[in-house]
Amino acid sequence: MTDLVVQRKEGLYCPPGDFYIDPWRPVDRAVITHAHGDHSRRGNSHYLAAAPAEGVLRTRLGDIDLQTMAYGDVVDHFGVRLSLHPAGHVLGSAQVRLEHAGRVWVASGDYYVAGSTADAGEDNKTCAPFEPVRCHCFITESTFGLPIYRWQPQAELFADINAWWRANADAGRASLIIGYAFGKAQRILMGVDRSIGPIVVHGAVEPLNRAYRAAGVDVPQTPIATEIKDRSLFRRALVVAPPSAQASTWTRRFGDYSDAFASGWMQLRGARRRRSVDRGFVLSDHADWPGLQRAIAATGAERVIVTHGYEAVMVRWLSDQGLEASAFATEYGQDDDELPGALGEAVAAAERAAEHVAESVSDAEAAAIVVPPEDAPVDDPGA
Ligand SMILES: [Zn+2]
Ligand SMILES: [Zn+2]
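The structure contained in this document is the topic of the report that follows. Owing to the predicted nature of the structure, the values given are computational and were not obtained by experimental measurement. (Residues numbered from 1 in each chain as written. Chains lettered and ligands numbered in written order. Predicted model: local features only at pLDDT ≥ 70, side-chain atom pairs only at ≥ 80, totals over all residues. Heavy atoms only, no water.)

### As for the side chain of Gln186
Considering the arrangement of structural elements, one finds Gln186 in helix H3 (residues 184-191). For Gln186, the side chain forms a polar contact with the side chain of Asn209, separated by 2.8 Å. Excluding residues that lie within four positions of it along the chain, Gln186 makes contacts with Thr126, Ala181, Val205, Leu208, Asn209, Tyr212 and Val219. (Helix = DSSP H or I, 4+ residues; strand = E, 2+ residues; numbered from the N terminus. Polar contact = N/O pair within 3.5 Å; in protein donor to acceptor, adjacent residues only side chain to side chain. Contact = heavy atoms within 4.5 Å.)

So this is what it looks like as structure tokens:
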């Protein structure tokens with residue numbers, strides 16, 4: 001019996017169905033888990049995705065040959081029953097469920113669940129929450145698959161962001177918050193307290209906001225920064241912009257401003273320091289360590305295949321739980337929201353230390369680790 005998903009040079013391939021999931025090279029039929037650039041590439045002949053992904057996919061890929069399905073609907077393709085289920089990662093993100101000859105496999109794409117127990121308050125409000133799907137084999141991402149990654153409650157996180165914004169506004173300076181244009185920006189826009197001051201966005205964020213609003217998500221209407229004539233308005237404003245805008249000439253219009261970076265990587269102090277921002281907010285669209293464990297357990301899978309992230313650590317941990325575990329080498333992760341280029345080396349260094357910790361301590365000890373290793377003080381003036 002062949003596996004329902006195997007690794008090919010073009011991407012993850014379903015042999016009985018003759019289609020690919022998130023291929024990284026052009027293929028005839030591509031099932032797309034979500035519209036981040038590393039999972040949905042140009043050049044495929046046919047695309048299949050969840051219905052809520054249509055707007056963001058077309059915003060990013062233009063006029064593609066796209067078929068969409070409602071979550072939970074089933075299509076039969078060469079005897080493979082295929083359905084898509086919410087992944088909680090970004091608008092339209094889906095896990096792919098495949099059923100063939102009595103076997104069920106689920107490919108997660110990227111997904112978001114936080115904490116060791118389900119809590120609706122921690123759901124990603126910008127999209128349908130992650131839905132556990134029972135299966136024999138689960139293909140999981142592992143972007144934050146180390147015990148050091150534990151997200152704080154979202155209410156606390158947004159209270160911190162609001163307090164930073166309010167303090168800046170009271171001091172008459174703009175608050176520039178940097179986050180990926182697709183997914184992160186909308187989380188920020190929906191999570192902050194809109195009464196503190198005006199909110200403006202970078203031009204790269206607005207087309208995605210439009211796609212979210214068109215899909216019925218309550219992303220506030222915001223002017224684009226370049227459209228603002230009266231610059232005194234920036235003194236109480238929250239400005240939401242992608243990483244490419246940081247320290248660019250575009251920021252000159254704000255005069256005095258404080259900047260912050262929103263990413264799961266901000267849990268690493270080294271990453272905050274190297275990013276050279278005033279503040280780091282730990283906000284991720286990926287599962288944290290307890291979330292990954294909970295999501296995997298909820299599938300009931302006896303076999304788990306780990307992709308992009310900490311494959312070695314996750315495979316070892318899963319094997320210790322008595323599961324059959326292995327890894328796929330994919331080309332995902334380079335273009336996702338989480339790792340802007342300049343961060344690469346700093347994160348790699350901090351992670352090597354973190355990985356060592358994860359591999360050399362017991363599960364009980366690992367569970368107690370909350371403070372990431374630090375390679376230098378956050379406010380090191382020399383950095
Ligand atoms: Zn993604
Ligand atoms: Zn990914």
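On we go from here.
### A few points about the pairing of strand E17 (residues 303-309)
Buried residues dominate E17, accounting for six of its seven residues. Alignment of strand E11 (residues 137-142) against E17, held across five bridges, turns out to be parallel. Pairing of Phe138 across the sheet is with Val304, part of E17. With four bridges joining them, E17 and strand E18 (residues 324-327) adopt parallel strand pairing. Residue pairing in the sheet places Ile305 in a bridge with Ser326 of E18. As for the winding sense of the linkage, the β-α-β connection from E17 through helix H7 (residues 311-320) to E18 is right-handed. (Buried < 20%, exposed > 50% of the residue type's maximum accessible area, 1.4 Å probe, protein only. Pairing = 2+ DSSP bridges. Right-handed = clockwise from strand over helix to strand, strands pointing away.)

### So, the coordination of the zinc ion (ligand 1)
Bound to the zinc ion (ligand 1) on the protein side are His34 (NE2), His36 (ND1), His89 (NE2) and Asp110 (OD), at distances that span 2.2 Å. Of note is the zinc ion (ligand 1), whose four donor atoms meet at the metal with angles of 87 to 171 degrees in an arrangement that counts as irregular. Here the donor residues for the zinc ion (ligand 1) map to a single chain with the spacing H-x1-H-x52-H-x20-D. In this structure, the zinc ion (ligand 1) is positioned 4.1 Å from the zinc ion (ligand 2), and both are ligated by Asp110. One end of the pair, His89, is in the loop between strand E8 (80-86) and strand E9 (94-100); the other, Asp110, is in the loop between strand E10 (103-107) and E11, with 21 residues separating them in the sequence. (Donors = N, O, S within 2.8 Å, 3.2 Å for Na, K, Ca; no water. Tetrahedral: all angles 85-135°; square planar, octahedral: opposite > 155°, others 65-115°.)

### Structural notes on the packing of helix H6 (residues 289-299) against H7
At a minimum axis separation of 13 Å, H6 and H7 run at an interaxial angle of 50 degrees. As summarised for this structure, H6 and H7 are arranged oblique, according to the angle between their axes. As for how H6 packs across H7, the hand of that crossing is right-handed. On the side of H6, the interface is formed by Trp289, Leu292, Gln293 and Ile296, while H7 contributes Met314, Trp317 and Leu318. For the contact of H6 with H7, the residue count by class is six nonpolar, one polar and no charged. (Axes fitted to C-alpha atoms, helices over the stretch in contact; angles between N-to-C directions. Parallel < 35°, antiparallel > 145°, perpendicular 65-115°, else oblique. Left-handed = near helix turned anticlockwise from the far one by under 90°. Nonpolar A, V, L, I, M, F, W, Y, C, P; charged D, E, K, R; others polar.)

### Some points on the sheet that holds strand E15 (residues 257-262)
With respect to topology, five strands assemble into an open sheet ordered E13-E14-E12-E15-E16, the strand pairing being parallel. At either end of the open sheet lies a strand with only one pairing partner, and these are strand E13 (199-201) and strand E16 (279-281). The mean angle between the axes of side-by-side strands here comes to 25 degrees, regardless of whether they run parallel or antiparallel. Pairing analysis gives three bridges linking E13 to strand E14 (residues 238-241), with the strands arranged parallel. Looking at the pairing, Ile199 lines up with Leu238 of E14. Across the sheet, H3 lies against strand E12 (174-178), E13, E14 and E15, angled at about 160 degrees from E14, the strand it touches most.

### Things to note about the coordination of the zinc ion (ligand 2)
Every protein donor of the zinc ion (ligand 2) is accounted for by His39 (NE2), Asp110 (OD), Asp110 (OD) and His308 (NE2), and the metal-donor separations fall at 2.1 to 2.3 Å. With four donor atoms in place around the zinc ion (ligand 2) and angles of 58 to 133 degrees between them, the coordination shape is irregular. Going along the chain, you hit the donors of the zinc ion (ligand 2) in the pattern H-x70-D-x197-H.

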